[in-house]
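# Structure at a glance
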Amino acid sequence: MKVLVIEDNQELLKDIQNFLSEEGNVCELASNYKTAQEKIGFFPYDILIVDLNLPDKDGLEIVKTAKLDKIDVGIIIISARNALGDKVKALELGADDYLEKPFYLAELNARIKALYR
C-alpha cells in the first residue's frame, strides 16, 4: 500500500513512517499543506493520513481538495482535536476515519488495513 502521512510533528511523522514501513507499506511524508498538495498532485496514494493542525493551512483543506478533485484515496484524520464537531465536520467533508491523538500505531495500522479492504 502507498501511504502519504501529513503531519507537522517530526517525531510522530518518523514514528509513523518507521512503523508503517516495517508493516510493508510504502510511506511518504509531508510536514505541511503545500508539500502534501504537491505530492498528491504528482503521485497516486492508497491512503492519506492527515493531521488537522498543519502550520500553513488546516488539514481539512486537504480533504476538501481531494474530494473536489475526485481523487480515489482513503483518508484517515489524526488529530488532537477531540470535539465532536471537529469529527463530524471531517467525516462530512469526506474523511473515512478519525483517530484522536495520542493513539497506538498498531491501531492506526489496523484502521489503514480496514479502510483499504
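The present account deals with the structure reproduced in this document.

On to the packing of helix H1 (residues 10-22) against helix H5 (residues 105-116). Interaxial distance between H1 and H5 falls to 10 Å at its minimum, and their mutual angle equals 60°. Put simply, H1 runs oblique to H5. Relative to H5, the crossing made by H1 is right-handed. Contact with H1, carried on its side by Asp 15, Ile 16, Phe 19 and Leu 20, involves Leu 105, Ala 106, Leu 108, Asn 109 and Ile 112 of H5 and no other residues of that element.

Turning next to unusual backbone geometry. Looking along the chain, the bond that leaves Lys 101 and enters Pro 102 is cis, with omega of -5°. Here Pro 102 is to be found in the loop between strand E5 (97-100) and H5.

Next up on the list: the nonpolar core. If you look at the biggest cluster of nonpolar residues, it comprises 21 residues, and the most contacted ones within it are Leu 4, Ile 6, Leu 48, Val 50, Ile 62, Ile 75 and Ile 77. Of all the secondary-structure elements, those providing two or more residues to this core are strand E1 (2-6), helix H2 (33-42), strand E3 (47-51), helix H3 (60-68) and strand E4 (74-79). The greatest single-element share of this core, amounting to four residues, is contributed by H3. The contacts of Leu 4, once residues within four sequence positions are left out, are Glu 28, Leu 29, Ala 30, Ala 36, Lys 39, Ile 40, Tyr 45, Ile 47, Leu 48 and Ile 49. By size, the runner-up hydrophobic cluster in this structure holds 16 residues, among which are Val 5, Ile 16, Leu 29 and Leu 99.

Another aspect to go through is the environment of Asn 109. As for its position among the elements, Asn 109 is in helix H5. Among the residues examined, Asn 109 registers a relative accessible area of 5% and is labelled buried. Taking C-alpha positions, Asn 109 is 20 Å from Lys 87, a pair spaced 22 residues apart along the chain. Not counting chain neighbours up to four residues away, the residues in contact with Asn 109 comprise Phe 19, Leu 20, Glu 23 and Asn 25. A distance of 3.3 Å separates polar atoms of two side chains, one belonging to Asn 109 and the other to Glu 23.

This part covers the pairing of E4. Burial within E4 is extensive, with six of its six residues counted as buried. Burial along E4 is two-sided: Gly 74, Ile 76 and Ile 78 and Ile 75, Ile 77 and Ser 79, pointing in opposite directions, are all buried. Each parallel crossover has a hand, and the one from E3 via H3 to E4 is right-handed.

Calculation notes
- Residues numbered from 1 in each chain as written.
- Predicted model: local features only at pLDDT ≥ 70, side-chain atom pairs only at ≥ 80, totals over all residues.
- Heavy atoms only, no water.
- Axes fitted to C-alpha atoms, helices over the stretch in contact; angles between N-to-C directions.
- Helix = DSSP H or I, 4+ residues; strand = E, 2+ residues; numbered from the N terminus.
- Parallel < 35°, antiparallel > 145°, perpendicular 65-115°, else oblique.
- Left-handed = near helix turned anticlockwise from the far one by under 90°.
- Contact = heavy atoms within 4.5 Å.
- Core = buried A, V, L, I, M, F, W, Y, C linked by side-chain atoms within 4.5 Å.
- Buried < 20%, exposed > 50% of the residue type's maximum accessible area, 1.4 Å probe, protein only.
- Polar contact = N/O pair within 3.5 Å; in protein donor to acceptor, adjacent residues only side chain to side chain.
- Right-handed = clockwise from strand over helix to strand, strands pointing away.

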